[in-house]
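A structural walkthrough
Each chain, written out:
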Amino acid sequence: MGSCAMDVYTIREARLEEQRELTRLCVRATMHAGHDEAFIARTMPGLTITIPLISADYVRVAQDESGEVFGVVAVTPTPLQGIALLHGLFVHPARWRRGIGRVLFGAAIARAKGLKAGALMIYAEPTAEGFYKRMGAIRIGEGPFAFSPETTLPHMLYIIPREE
């Protein structure tokens with residue numbers, strides 16, 4: 001964690017009117033991870049925080065004390081009972097390495113529990129694999145990114161600890 005006392009982030013439900021702003025945050029983070037405009041164009045369906053995602057209560061945001069949003073995470077159910085999907089976790093590049101990803105991952109786990117899941121499936125952006133490993137996820141395979149098949153994504157699984 002940063003020594004800066006201002007680095008306090010709270011998690012809340014996303015609001016419908018934030019849909020475009022949240023999608024822009026996803027795009028900004030993806031470009032900062034080293035992807036070009038062509039990649040962004042191909043992968044927009046995966047980068048878009050949609051109205052249905054927000055309406056279904058699958059999206060959480062991290063905001064600072066001023067109310068400015070610096071991160072977003074979406075978790076959805078899957079057809080596999082007990083497994084939720086980390087649809088996306090994005091942090092504004094200006095706030096990378098300040099603990100926001102960790103806070104958002106905690107929110108993702110809470111949301112997965114709310115969906116009665118015991119595990120969270122993660123199709124990780126390759127540069128984020130180390131982050132998810134630090135969070136406790138394990139790599140279970142890899143495969144092509146649906147929207148950009150020349151990109152291979154690590155497939156990771158996080159087992160949600162059971163509360164006794």
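That block above? That's the structure.
A few points on the structure. Computed from a prediction, not measured in an experiment: that's the story for all the values here.

This part covers the overall build of the protein chain. When you go through the protein chain residue by residue, the secondary structure sums to five helices and seven strands. A compact globule built from 164 residues would reach a C-alpha radius of gyration of about 15 Å, and the protein chain, at 15 Å, matches this within 12%. With respect to the principal axes defined by its C-alpha atoms, the protein chain has extents near 50 × 40 × 35 Å. For the protein chain, with 164 residues in total, the buried portion stands at 49%. For the protein chain, the proportion of contacts with a sequence separation of at least 24, taken over those separated by at least 6, is 63%. Surface summary for the protein chain: the accessible area is close to 8,900 Å², and the carbon and sulfur share equals 56%. Each charge class in the protein chain was averaged separately, 18 positive and 17 negative side chains, and the resulting centres sit 3 Å apart.

Note on helix geometry: an α-helix contains 3.6 residues per turn, so any two residues three or four positions apart are oriented the same way. Helix length check: helix α1 (residues 19–32) (14 residues) gives 20 Å between terminal C-alpha atoms against 20 Å at 1.5 Å per residue, within 8%. Within α1 the residues assigned to the buried category are Q19, L22, T23, L25, C26, V27, A29 and T30. In this structure, the buried residues of α1 make contact with α2 (37–47), α3 (51–55), β2 (59–63), β3 (69–77) and β4 (83–91).

Our focus in this paragraph is the sheet that holds strand β5 (residues 119–123). Pairing between the strands of a sheet is mediated by backbone hydrogen bonds and can be parallel or antiparallel. Here seven strands make up an open sheet; going across it, the order is β1-β2-β3-β4-β5-β7-β6 and the pairing mixed. The strands lining the two open edges of the sheet, one partner per strand, are β1 (10–13) and β6 (138–145). Neighbour-to-neighbour, the strand axes of this sheet turn through a mean angle of 25°, independent of strand direction. As judged from the five bridges shared by β2 and β3, these two strands associate in the antiparallel manner. Note that in β3 the partner of A62 across the bridge is G71. The strands touched by α1 within the sheet are β2, β3 and β4, with β3 carrying the most contacts at an inclination of about 100°. The sheet strands contacting α2 are β4, β6 and β7 (148–159), and the helix crosses β7 at an angle near 35°.

One can describe the packing of α1 onto α2 by two numbers: an axis separation of 11 Å at closest approach and a directional angle of 140°. One element, α1, and the other, α2, form an angle in the oblique class. Both α1 and α2 take part in a crossing whose hand is right-handed. Here T23, C26, V27, T30 and M31 of α1 lie close against α2, whose contacting residues are E37, F39, I40, M44 and L47.

This part covers the nonpolar core. Side chains that are nonpolar tend, in soluble globular proteins, to be buried together. Among the nonpolar cores identified, the biggest contains 28 residues, and L86, L89, F105, L120, I122, Y132 and Y158 are the most heavily contacted of them. Among the secondary structure elements, those contributing two or more residues to this core are β3, β4, α4 (100–114), β5, α5 (129–135) and β7. Take this core: its biggest share by element is seven residues, from α4. Not counting the four nearest positions on each side in its chain, Y158 is found in contact with F105, I109, G118, A119, L120, I122, M135, G136 and A137. Listed in part, the 18 residues of the second largest apolar core include L22, A29, V61 and F90.

What counts as what
Residues numbered from 1 in each chain as written. Predicted model: local features only at pLDDT ≥ 70, side-chain atom pairs only at ≥ 80, totals over all residues. Heavy atoms only, no water. Helix = DSSP H or I, 4+ residues; strand = E, 2+ residues; numbered from the N terminus. Rg over C-alpha atoms; globule rule 2.2 N^0.38 Å. Buried < 20%, exposed > 50% of the residue type's maximum accessible area, 1.4 Å probe, protein only. Contact = heavy atoms within 4.5 Å. Areas by Shrake-Rupley, 256 points an atom, 1.4 Å probe, with all protein chains shown as cover. Lys, Arg positive; Asp, Glu negative; His and termini not counted. Charge placed at Lys NZ, Arg CZ, Asp CG, Glu CD. Expected span 1.5 Å × (residues − 1). Pairing = 2+ DSSP bridges. Axes fitted to C-alpha atoms, helices over the stretch in contact; angles between N-to-C directions. Parallel < 35°, antiparallel > 145°, perpendicular 65-115°, else oblique. Left-handed = near helix turned anticlockwise from the far one by under 90°. Core = buried A, V, L, I, M, F, W, Y, C linked by side-chain atoms within 4.5 Å.

The quantities given are spatial measurements derived from coordinates; they are silent on function.
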